[in-house]
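Structural characterization, general
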Amino acid sequence: MLKSARKRERDPEGRMPLADHLRELRNRLVKSLVAIFVGTVIAAFFYKHIVEFFTNPILDAVGCEYSFAELAKGSEDKQCARIVQNGLLSPFTLALTVSLASGVVLSSPVWLYQLWAFVAPGLHRHEKKYSLAFVAAGFPLFVLGAYFAYWSLPKMASVMLEFAIIGTDNQLPLEDLLHLVMRMIVVFGLSFELPLLLVMLNFGGVLTGKRMAGWWRGMILGITLFAAIATPSTDPLSMLALAGPIWVMYFGATGISLLNDKRRARREAEGPADDEASELDLTPEDIGEIEPVSTAPALPEQATRDRVNGYDDVT
């Protein structure tokens, strides 16, 4: 049995045997799973409200206010849609899916902390500082991208429904609609992390701000094409809702990288700090000719032997 490693005295440098690493990983995983389970149970009581939170804006934009008979008469020129569920087990499986996904989101502070606590002992002090800063900036950026997706979905639904035939009743399966909403939120949220990724590469010395500034034409074109592909609607509003903020954040990341490059150049010009090791020149050099060394014989019988280059025949 793997015993808990919490009672053991921890190494100041974060080192521990493999068995202790496994115990630590087990404890972190158990705590994370318990947090996800509790979050799922809590979300199960409110899953209907969660579904309504994501679907009500779309219903407000394209929801049907007329019966199918009224629509079939063709008296109204307005296209609308209805959210439906197919199958006897569909409501139950949907409740499980929504509750589990919501539980993962609700418990994210717990399992993210457990992940950080497992990795942090192996990081240096400056690595911990940068990691916390990037995590603190990454979460608001993801939430901002998710908000833009949530804001643009009703407008996208209105445009897509314009392609429907007049007098027909458009049925929107609830499972497919939620998958579309979740995909849009994830795509928008991860897209807003691009500037943060560029800043991380710059702080790691992989990418310079000058090179990022030289890419601005290609980046604008690439971001625009990505936004056009990522948004399923054909309207330019949804595309600009995704591309516009990323353009702004890209130039912001370029400015931060340029400032960081200047700071790094000044630090290198000042030389290494008192607690920082300087670079060593490890280029091999020629040691020159071998000089004979005269030494006293270690044994009496070695005194009469001939020596070559300071060595006798014994050595």
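These numbers were taken from a predicted model, which means no experiment stands behind them.

Two elements in contact, helix α2 (residues 47-62) and helix α4 (residues 90-106), have axes separated by 10 Å at closest approach and are oriented at 85°. As summarised for this structure, α2 and α4 are arranged roughly perpendicular, according to the angle between their axes. Listed contacts from α4 to Y47, I50 and V51 of α2 are P91, A95, V98, S99 and S102. The residue inventory of the contact of α2 with α4, partitioned by class, reads 6 nonpolar, 2 polar and no charged.

Next up on the list: helix α8 (residues 194-203). For α8, the complete set of buried residues consists of P195, L196, L198, V199 and N202. What you see down the axis of α8 is that its buried residues fit within an arc of 160°, all on one side. Positive phi shows up at G205, right after α8, with a value of about 80°.

Our next topic: the nonpolar core. In terms of nonpolar packing, the biggest core is built from 42 residues, with L178 and L242 touching the most fellow members. Sorting the residues of this core by element identifies α2, α4, α6 (125-161), α7 (174-191), α8, α10 (216-230) and α11 (236-270) as the ones contributing at least two each. Element by element, the count of residues in this core is highest for α6, at 8 residues. Not counting the four nearest positions on each side in its chain, L242 is found in contact with F188, S191, F192, F226, A227, A230 and T231.

All right, on to the confidence of the model for the protein then. In this model, the protein carries a mean pLDDT of 77, and residues with pLDDT of at least 70 account for 77%. Model confidence for the protein, summarised as mean pLDDT per element, is weakest for helix α3 (residues 68-72) at 52 and strongest for helix α1 (residues 18-44) at 88. A low-confidence stretch, residues 1-7 stays under pLDDT 50, and its non-local contacts, those more than four residues away or across chains, total 12 contacts.

All chains considered together, the criterion is met by 2 salt bridges. In this structure, the salt-bridge partner of E24 is R28, at a minimum N-O distance of 2.7 Å. Pair noted here: E24 and R28 are both in helix α1, with a separation of 4 residues, about one helical turn. Judged by its relative accessible area of 9%, E24 is buried. When the shortest N-O distance is used, the salt bridge between D261 and R264 registers 3.1 Å. Here R264 and D261 lie together in helix α11, a separation of 3 residues that amounts to about one turn. The pair D261 / R264 is uniform in exposure class, with both members buried.

Under the 1.5 Å per step criterion, the end-to-end length of α2 is 23 Å for 16 residues, consistent within 8% with the ideal 22 Å. Of all the bends in α2, the greatest reaches close to 40° and is centred on T55; the proline P57 follows between one and four positions later. Taken together, the buried positions of α2 are occupied by Y47, V51, F54, T55, P57, I58 and V62.

Rules of the game
Counting of residues starts from 1 at the beginning of each chain's written sequence and follows it residue by residue. Where local features are concerned, this predicted model is filtered to residues with pLDDT of at least 70; where side-chain atom pairs are given and counted, the filter is 80 or more; whole-chain, interface and lining totals use all residues. By convention in this description, side-chain values take in all heavy atoms of the structure and omit both hydrogens and water. Orientation is described by axes fitted as lines to C-alpha atoms, over the contacting stretch for helices, and by angles from 0 to 180 degrees between their N-to-C directions. Each helix is a run of DSSP H or I of at least 4 residues and each strand a run of E of at least 2, with the numbering of both proceeding from the N terminus. Oblique is the label for any angle not under 35 degrees, not over 145, and not in the 65 to 115 range, which are roughly parallel, roughly antiparallel and roughly perpendicular in turn. Any two residues having at least one pair of non-hydrogen atoms within 4.5 Å are treated as being in contact. When residues are grouped by polarity, Ala, Val, Leu, Ile, Met, Phe, Trp, Tyr, Cys and Pro land in nonpolar, Asp, Glu, Lys and Arg in charged, and all others, Gly among them, in polar. Throughout this description, buried means an accessible area under 20% of the type-specific maximum (1.4 Å probe, protein chains only), exposed means over 50%, and partly exposed covers the range between. The arc in question is formed by the directions pointing from the helix axis toward the C-beta atoms. What is meant by a nonpolar core is a set of buried Ala, Val, Leu, Ile, Met, Phe, Trp, Tyr and Cys residues, joined one to another through side-chain atoms within 4.5 Å. Within a predicted model, pLDDT stands for the predictor's per-residue confidence, ranging from 0 to 100. Think of a salt bridge as a Lys or Arg side-chain nitrogen and an Asp or Glu carboxyl oxygen that are within 4 Å of each other. By this rule, a helix spans an expected 1.5 Å times one less than how many residues it contains. The term bend refers to the angle at a residue between two fitted axes, each drawn through seven residues, those ending there and those starting there.

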